[in-house]
Amino acid sequence: MMLKPGSTIGVLGTGQLGRMLCSAAAKLGFRTAVFGPDADGSPAGEVATMVRQAAYDDLAAVKVFAEEVDAVTYEFENVPAATAATVTEAGGVLAPPAAALAASQERVREKDFFRSLGIKTVDYWPVASADDLGRALPEAGPSILKTCQFGYDGKGQASLQGAEDPVKVLADLGGGPWILEAKAAFSREVSQVAARGRDGAITFFDLAENEHRSGILHRSVLPAQASDSVREQAQTATRSVLEKLDYVGVLTVEFFDCDGELFANEMAPRVHNSGHVTHEACSTGQFEQHIRAVAGWPLGDTRTLIPSEMINLIGHDTDEWRALTATLGASLTLYGKKETAPGRKMGHWVRPLNI
Ligand code: ADP
Ligand code: MG
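Just so it is clear, the model here is predicted, and its values are computed rather than measured.

Please explain the coordination of the magnesium ion (ligand 2) as it appears in this structure.
Protein-derived ligands of the magnesium ion (ligand 2) are Glu 254 (OE), Glu 254 (OE) and Glu 266 (OE), with the metal-ligand distances lying across 2.0 to 2.7 Å. Here Glu 266 lies in strand β14 (residues 261-268) and Glu 254 lies in strand β13 (residues 249-258), a separation of 12 residues in the sequence. A relative accessible area of 14% means that Glu 254 is categorised as buried.

The following block contains the structure:
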């Protein structure tokens with residue numbers, strides 16, 4: 001399957017990732033259609049050729065959408081399984097495949113999946129009740145409790161020491177089921193953004209080094225300084241994920257780097273915030289690479305041409321847009337979100353490291 005320019009790529013999801021995917025698709029001559037409950041006037045909806053406003057579980061609307069576009073992709077991993085199934089049952093081409101959603105939507109399943117491939121993770125305990133937590137917590141000691149689903153940007157997480165009251169902890173965090181993870185003593189965090197084409201070809205971007213603040217990505221540097229061993233661990237793990245899932249598109253694996261030993265934290269079956277820097281730094285950025293893969297085109301060259309850093313603009317950080325545009329070498333991207341809120345990703349900027 002190879003989509004011709006002028007074909008329409010459908011995107012499930014309406015946020016900034018969808019927006020940047022639509023721009024990349026337009027660059028290659030594609031039309032785009034964005035689907036979501038708030039699609040009208042959304043960051044993605046404002047740059048798409050077409051907007052289809054409906055709930056993700058409105059399967060009749062999903063079926064119509066799958067029939068009117070030439071391929072369907074998504075910008076978030078919480079696409080319901082029934083929605084993904086409806087796309088394929090309607091004869092639609094879904095990329096990445098539904099198996100990638102199943103493997104990444106739920107944190108216990110995700111870590112089980114990593115381990116089944118021989119990929120190292122921190123120790124973890126599934127938690128369905130205060131009793132489960134009461135048993136696991138003393139064993140885990142310093143740890144992080146996370147809701148298994150719908151967490152992002154550090155939301156749905158609690159940092160624990162090991163002696164807390166399980167009942168109170170679960171009541172405070174809410175949600176559930178949960179996963180308790182041993183706290184990684186990492187020296188830094190890195191991520192591997194990679195892509196697999198319809199022909200099975202795999203490309204890797206350079207490793208990115210990521211700094212988080214309050215659970216939210218603050219800064220990514222490309223390329224991370226990394227030994228051959230670290231690069232190889234990241235690529236080997238990511239390759240086995242891509243191949244096991246018969247994956248098509250861009251996928252990201254986040255790692256804790258514990259003195260040269262990598263532990264997979266989580267994966268995202270989509271373009272990733274730590275990959276935004278590739279748009280300015282590499283010959284082919286992650287958004288174009290994803291569109292190429294979805295369209296069945298040859299993947300582009302991923303070499304880093306301009307070593308660069310990306311800084312996220314959170315909440316009112318974007319009020320500095322005027323100064324940022326005047327900063328030497330800075331490339332500013334704003335997501336067009338109508339409302340600014342504390343902790344909300346509003347934009348980002350990239351600049352070469354040597355400036
Ligand atoms: P999210 O879906 O919110 O990105 P993550 O699991 O990636 O969830 O957690 C966000 C951040 O919290 C991580 O990038 C890391 O800085 C920290 N963190 C998460 N899990 C652990 C852990 N087991 N040990 C140490 N730090 C962690
Ligand atoms: Mg994360």
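There is more to say after this.
Would you mind showing me how to read the packing of helix α6 (residues 130-140) against helix α7 (residues 166-173) here?
The relative placement of two packed helices is expressed as an angle between their axes plus a distance between the axes. The geometry of α6 relative to α7 is characterised by a closest axis approach of 8 Å and an angle of 120° between their N-to-C directions. With respect to the hand of their crossing, α6 and α7 are arranged in right-handed fashion. Between α6, through Ala 130, Leu 133 and Gly 134, and α7, the contact on the second element is made entirely by Pro 166, Val 167, Val 169 and Leu 170. For the contact of α6 with α7, the class distribution of residues is six nonpolar, one polar and no charged.

Looking at this structure, I do not really get the nonpolar core. What am I missing?
Side chains of nonpolar character tend, in soluble globular proteins, to be buried together. Membership of the largest hydrophobic core comes to 43 residues, with the highest contact counts inside it found for Leu 12, Val 241, Leu 245, Phe 255 and Met 267. Every residue in contact with Leu 245, bar those within four places of it in the chain, is listed here: Pro 97, Ala 99, Ala 100, Ala 103, Phe 113 and Met 267. In this structure, Phe 205, Leu 222, Cys 282 and Tyr 335 belong to the second largest nonpolar core, which totals 33 residues.

Looking at this structure, how should I read the sheet that holds strand β6 (residues 143-147)?
Within a sheet, neighbouring strands are paired by backbone hydrogen bonds and run either parallel or antiparallel to one another. A sheet is described by the order of its strands in space; here four strands give the open sequence β5-β8-β6-β7, paired in antiparallel fashion. Either end of the sheet is taken by a strand with one partner, and the two such strands are β5 (124-127) and β7 (157-160). Neighbour to neighbour, the strand axes of the sheet diverge by 20° on average, direction disregarded. As judged from the five bridges shared by β6 and strand β8 (residues 178-182), these two strands associate in the antiparallel manner. Counterpart to Leu 145 in the pairing with β8 is Leu 180. Where α6 meets the sheet, its contacts fall on β5, β6, β7 and β8, and the angle it forms with β5 comes to roughly 165°. α7 contacts β5, β6, β7 and β8 of the sheet and is inclined by roughly 45° relative to β6.

Got a minute to help me understand unusual backbone geometry in this structure?
Leave glycine aside and you will find that most residues have negative phi; peptide bonds, for their part, are mostly trans. Between Gly 176 and the following residue, Pro 177, the backbone shows a cis peptide bond with an omega angle of 0°. Residue Pro 223 follows Leu 222 across a cis peptide bond; omega there is -5°. Locating Pro 223 in the fold gives a position in the loop between β12 (216-222) and α8 (228-244).

Just checking my understanding: could you explain the site of ligand 1 for this structure?
Contacts to ligand 1 come from 19 residues, most closely from Lys 146, Gly 154, Ala 184, Glu 189 and Glu 266. Here an oxygen atom of ligand 1 sits 2.6 Å away from a polar atom, N or O, in the side chain of Lys 146. For ligand 1, an oxygen atom lies 2.8 Å from a polar atom in the side chain of Asn 265. In isolation ligand 1 exposes 540 Å². Once the protein is present, 90% of that is buried.

Hey, could you run me through helix α5 (residues 107-116) in this one?
Helical geometry: 3.6 residues make up each α-helical turn, so side chains three or four residues apart lie on a common side. Listed in full, the buried residues belonging to α5 are Arg 107, Val 108, Glu 110, Lys 111, Phe 113 and Phe 114. With a side-chain oxygen lying 3.2 Å from the backbone nitrogen of Val 108, the N-terminal cap of α5 falls on Glu 106. Looking one or two residues beyond α5, the residue adopting positive phi is Gly 118, at roughly 80°.

Rules of the game
- Residues numbered from 1 in each chain as written.
- Chains lettered and ligands numbered in written order.
- Predicted model: local features only at pLDDT ≥ 70, side-chain atom pairs only at ≥ 80, totals over all residues.
- Heavy atoms only, no water.
- Donors = N, O, S within 2.8 Å, 3.2 Å for Na, K, Ca; no water.
- Helix = DSSP H or I, 4+ residues; strand = E, 2+ residues; numbered from the N terminus.
- Buried < 20%, exposed > 50% of the residue type's maximum accessible area, 1.4 Å probe, protein only.
- Axes fitted to C-alpha atoms, helices over the stretch in contact; angles between N-to-C directions.
- Left-handed = near helix turned anticlockwise from the far one by under 90°.
- Contact = heavy atoms within 4.5 Å.
- Nonpolar A, V, L, I, M, F, W, Y, C, P; charged D, E, K, R; others polar.
- Core = buried A, V, L, I, M, F, W, Y, C linked by side-chain atoms within 4.5 Å.
- Pairing = 2+ DSSP bridges.
- Near = heavy atom within 4 Å.
- Polar contact = N/O pair within 3.5 Å; in protein donor to acceptor, adjacent residues only side chain to side chain.
- Areas by Shrake-Rupley, 256 points an atom, 1.4 Å probe, with all protein chains shown as cover.

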